[in-house]
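# Residue-level structure breakdown
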Amino acid sequence: MATGWSSLQGLRFYRRVRRLRPDVVIAWFGANDVKMREVPDREQAPPGGGAARLAEKLRWFRVFQLCERGARAVARRPDRCRRVSLDEFRRAVAEIGAAGGPPAVFVRCPDQADVTIRELSAMIRAAERMGVDRIAAPYGQLLPYAPAGPGADLTGEKGVWEGRPAVIFGGARADRYAELPEVREHLRRLVRWKRDLDRYLDELPPGSPGYRELFDGEDPGRVFSDNCHLSARGARRAGEAL
């Protein structure tokens, strides 16, 4: 199944390939299901036909990307929703794991969101303690989806960034800044994503392998490229374990 798919897209694919009687099906879903969208996956037509193939080729061009983004903005709904609801996720798990079908292994997809939550929280506390509304740090440390990595400076020191008071993390390596309200919003969204992801993954069968079973305690920095995507080493380790 393809990277970036939700469980609903995976279920559609599963219905097509189960007739081939595979020896085993590995289902690794959850992280994409809980993402917020204007249109849920069930209301999006599955890609197919010449028009879809043409659109995939045109997406290599920046002008097409901008036009597509503009069209989505015009059609945007005021209320955002999960790509896949919890009930839909539950039904997909039940169908893929149903008796009589090919044996299924469900992976409790590991992530590093807890690490990033701790890091962003520490940076926010430092800014609040120093009474500043701007945070500067090395690229990646302010992103809500990528842990800063071992040894990251989470203490910071008060300084000036682009003419305004700021708390600076990483000293001379700082090359990015964000306003404190923006960082708080990143943290709020990440906490909500992590909370909902865990609710979804609790619907998987007992014993579904997770981080410990896949990587046997290996340093997350060696098997992840960000919060929830595996590095080449991580993908190899996961494949061997499964």
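### Examining the packing of helix α5 (residues 113-130) against helix α6 (residues 180-201)
Here α5 crosses α6 at 150°, and the two axes come no closer than 10 Å. If you check the angle between α5 and α6, you find them roughly antiparallel. Of the two elements, α5 crosses α6, and the hand of that crossing is left-handed. Residue-level contacts link A113, D114, T116, I117, L120, S121, I124, A127 and E128 of α5 to L180, V183, R184, H186, L187, L190, V191, W193 and K194 of α6. Along the lines of polarity and charge, the residues of the contact of α5 with α6 split into eleven nonpolar, three polar and four charged.

### Description of the packing of helix α1 (residues 7-17) against helix α4 (residues 86-96)
Packing of α1 against α4 leaves a shortest axis separation of 9 Å and a crossing angle of 25°. Taken together, the axis directions place α1 and α4 in an arrangement best described as roughly parallel. Crossing geometry of α1 relative to α4 is assigned as left-handed. Where α1 abuts α4, its residues S7, L11, Y14 and R15 lie against F89, A92, E95 and I96. Across the contact of α1 with α4, the residue classes break down as five nonpolar, one polar and two charged.

### Examining the pairing of strand β5 (residues 134-137)
Of the two faces of β5, both are covered, the one formed by R134 and A136 as well as the one formed by I135 and A137. Where β5 meets strand β8 (residues 176-179), four bridges bridge the pair, whose relative direction is antiparallel. From the neighbouring strand, A136 faces β8, where its bridge partner is Y177. Both β5 and strand β7 (residues 164-168) contribute to a ladder of two bridges, which runs parallel. The residue of β7 that forms the bridge with I135 is V167.

### Points about the pairing of strand β6 (residues 157-161)
Both faces of the sheet carry side chains from a regular strand, because those side chains alternate between them. In terms of strand pairing, β6 meets β7 through five bridges, oriented antiparallel. Bridging across to β7, W161 finds its partner in R164. Count of turn residues in the β6/β7 antiparallel hairpin: two residues, of which E162 carries a positive phi of about 50°.

### A few points about unusual backbone geometry
We note that E162 has phi near 50°; this positive angle belongs to a residue other than glycine. Turning to its location among the elements, E162 is positioned in the loop between β6 and β7. We note that D216 has phi near 50°; this positive angle belongs to a residue other than glycine.

Here is what the cut-offs are and how they apply
- Residues numbered from 1 in each chain as written.
- Predicted model: local features only at pLDDT ≥ 70, side-chain atom pairs only at ≥ 80, totals over all residues.
- Heavy atoms only, no water.
- Axes fitted to C-alpha atoms, helices over the stretch in contact; angles between N-to-C directions.
- Helix = DSSP H or I, 4+ residues; strand = E, 2+ residues; numbered from the N terminus.
- Parallel < 35°, antiparallel > 145°, perpendicular 65-115°, else oblique.
- Left-handed = near helix turned anticlockwise from the far one by under 90°.
- Contact = heavy atoms within 4.5 Å.
- Nonpolar A, V, L, I, M, F, W, Y, C, P; charged D, E, K, R; others polar.
- Buried < 20%, exposed > 50% of the residue type's maximum accessible area, 1.4 Å probe, protein only.
- Pairing = 2+ DSSP bridges.

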